[in-house]
Amino acid sequence: MKLNLRLLLIGLVVSAPILSQPTWQVGNTTLTEYDLVTGVQLPWEILWGPDDFIWMTSRKGEVLRIDPASGNYTVVLEKTVMNGGNGEPGMLGMAMHPDWENSPLVYIVYCTGSGGNGIEHLSVFEWNGTELVNEEGLLNLQAGGIHNGSRLLMLPDGTMLMTAGDVGSSSNSQNLNSKQGKTLRLNLDGSVPDDNPFPGSHVYTFGNRNSQGLALGPNGIIYSSEHGQSSNDEFNIVQAGGNYGWPNVEGFCNTSSEQTFCAENNVIEPLEAWTPCVAVNGIEYYNHAAIPEWQNSILMSVLGGLGGQYERLSVLHLSDDGLSVTNEEQYFSSFNQRVRDVAVNPSTGSVYVAFNGTSYPGSGPNIIKEFRNEAFASSIAAPSGDLLALKLYPNPASESLSLSWNEPLQDASFEVISYDGKSMSSGKAPSSTLVLDVNTWAAGQYFIRVSHAQGTMTRSFQVKR
Ligand SMILES: [Ca+2]
Ligand SMILES: [Ca+2]
Ligand SMILES: [Ca+2]
């Protein structure tokens, strides 16, 4: 009897590797650190996909689809890119069509060619369940050896933003006839939206240098991060038609020549600026209950300066109205690794951080780490079963959202949570279909978690106004 008990105890210890994972303390919340994927090359975009997988672009020219439970991945697209992805250009921004069930389309930016003939392509691909196929080009820009921008963001109004760098020619940025040094707004077929600020033009903001971070916050606020030259990295709110100052103004309007230019050109100042540059990159709005200490903040990737310092994940705490930054906290600088991008698991609130090596312009092999509140995550049923069996329509929705499953939904429990953290609706489905009234919900991103005997699934959707 005694011997058996001892064997049992030994077995327990050996089968509990979780105890050895590093942890991080955020106030009262303990985050456990996991290496989700190791040995990948230069992740540039990581995002939580509508299929509950993590999607990643590699600057070297690949798209990976990663199982967030195991870290196993498949390569779903390969392209030959400018300079082999060894400098700033390569395969960069990515975003998914919001109506994934009906339009499984992936938007990707990548650079080809060389020298002065480089082209930056914005293309859309179809997901066939195995790989990305049937490329259709939507827009060609100039690609440069530096400053290729290219973060993508889907908006609740059914359009898309793309940041475009000045490709090292700063005179592009104030020139409204150039697409470089801008934020561009496009319909999802690449055409110019009728209500863009400059009729007939993709230009949405100008006076930008090289913005490589975009995120949607509460109340429709769009945030961006932007690289400065050697001083004045910026954190901005993106406003239609806005002039962000470059190259005449860096950061705030605080020199006499800047003040003159700002007054004459109605320049929009950043919410925050960092001098010397720390190299600000991918951003995400965080308001998940999993890490209460980070609610209503922007998680901002920081690559670090050219000399390999300042690398971190910055947590920019926002005011209640989202219009200002109240304070900055810094995490994970002890890895001494360039932080390129960040993504959030909408179900568990886990934060995924993509690292890019120790020095500019980045080198592999790289790691994507997960930081998980175990206590919270273990209280949430993990997605399981045939995830795509759950259908949501229409998406984006404006009046009502219908859900159906290939199994009866009756008695399934559901909860809808806005990306800004509010529980919008919950309960049991009354019949085989569930119809949610979204009339009074703000425009933005939401996700739903549905559990019944067939499994649990989460799905993101948008409400438009
Ligand atoms: Ca991202
Ligand atoms: Ca600016
Ligand atoms: Ca200034």
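Scoring rules and cut-offs
Residues numbered from 1 in each chain as written. Chains lettered and ligands numbered in written order. Predicted model: local features only at pLDDT ≥ 70, side-chain atom pairs only at ≥ 80, totals over all residues. Heavy atoms only, no water. Disulfide = S-S within 2.5 Å. Buried < 20%, exposed > 50% of the residue type's maximum accessible area, 1.4 Å probe, protein only. pLDDT = per-residue confidence, 0-100. Contact = heavy atoms within 4.5 Å. Pairing = 2+ DSSP bridges. Helix = DSSP H or I, 4+ residues; strand = E, 2+ residues; numbered from the N terminus. Axes fitted to C-alpha atoms, helices over the stretch in contact; angles between N-to-C directions. Core = buried A, V, L, I, M, F, W, Y, C linked by side-chain atoms within 4.5 Å. Arc of directions from axis to C-beta.

With respect to the state of the cysteines
Counted according to the given criterion, the structure contains one disulfide. Disulfide partner of Cys253: Cys262, at an S-S distance of 2.1 Å. Sign of the S-S torsion, about -85 degrees for the bond between Cys253 and Cys262, identifies this disulfide as left-handed. No difference in accessibility class separates Cys253 from Cys262, as the two residues are buried. In this model Cys277 remains outside any disulfide bridge; the closest cysteine sulfur is found in Cys253, 17 Å from its own.

As for the confidence of the model for the chain
Considering every residue of the chain, the mean pLDDT works out to 91; 94% of them sit at 70 or more. Low pLDDT (under 50) marks residues 1-17, which in the prediction has zero contacts with non-local residues, meaning those over four places away or in another chain.

Things to note about the sheet that holds strand S32 (residues 455-463)
Pairing is antiparallel in the open sheet, where four strands are placed in the order S29-S28-S31-S32. Where the open sheet ends on each side, the last strands, each with one partner, are strand S29 (423-428) and S32. The average undirected angle you get between the axes of adjacent strands in this sheet is 15 degrees. By the bridge criterion, six bridges tie strand S28 (residues 413-418) to strand S31 (residues 444-452) in an arrangement that is antiparallel. Residue pairing in the sheet places Ser418 in a bridge with Tyr446 of S31.

Describing the nonpolar core
If you look at the biggest cluster of nonpolar residues, it comprises 22 residues, and the most contacted ones within it are Leu403, Leu436, Ile448, Val450 and Phe461. Those elements giving two or more residues to this core turn out to be strand S27 (400-404), S28, strand S30 (434-437), S31 and S32. Not counting the four nearest positions on each side in its chain, Leu436 is found in contact with Glu399, Ser400, Leu401, Leu403, Phe414, Val416, Ser425 and Ile448.

Details of helix H2 (residues 256-265)
For H2, every residue scored as buried is listed here: Glu258, Phe261 and Cys262. Relative to the axis of H2, the buried residues are bounded by an arc of 100 degrees and lie together on one face. For H2, exposure combined with an orientation more than 90 degrees from the buried face picks out Ser256, Ala263 and Glu264.

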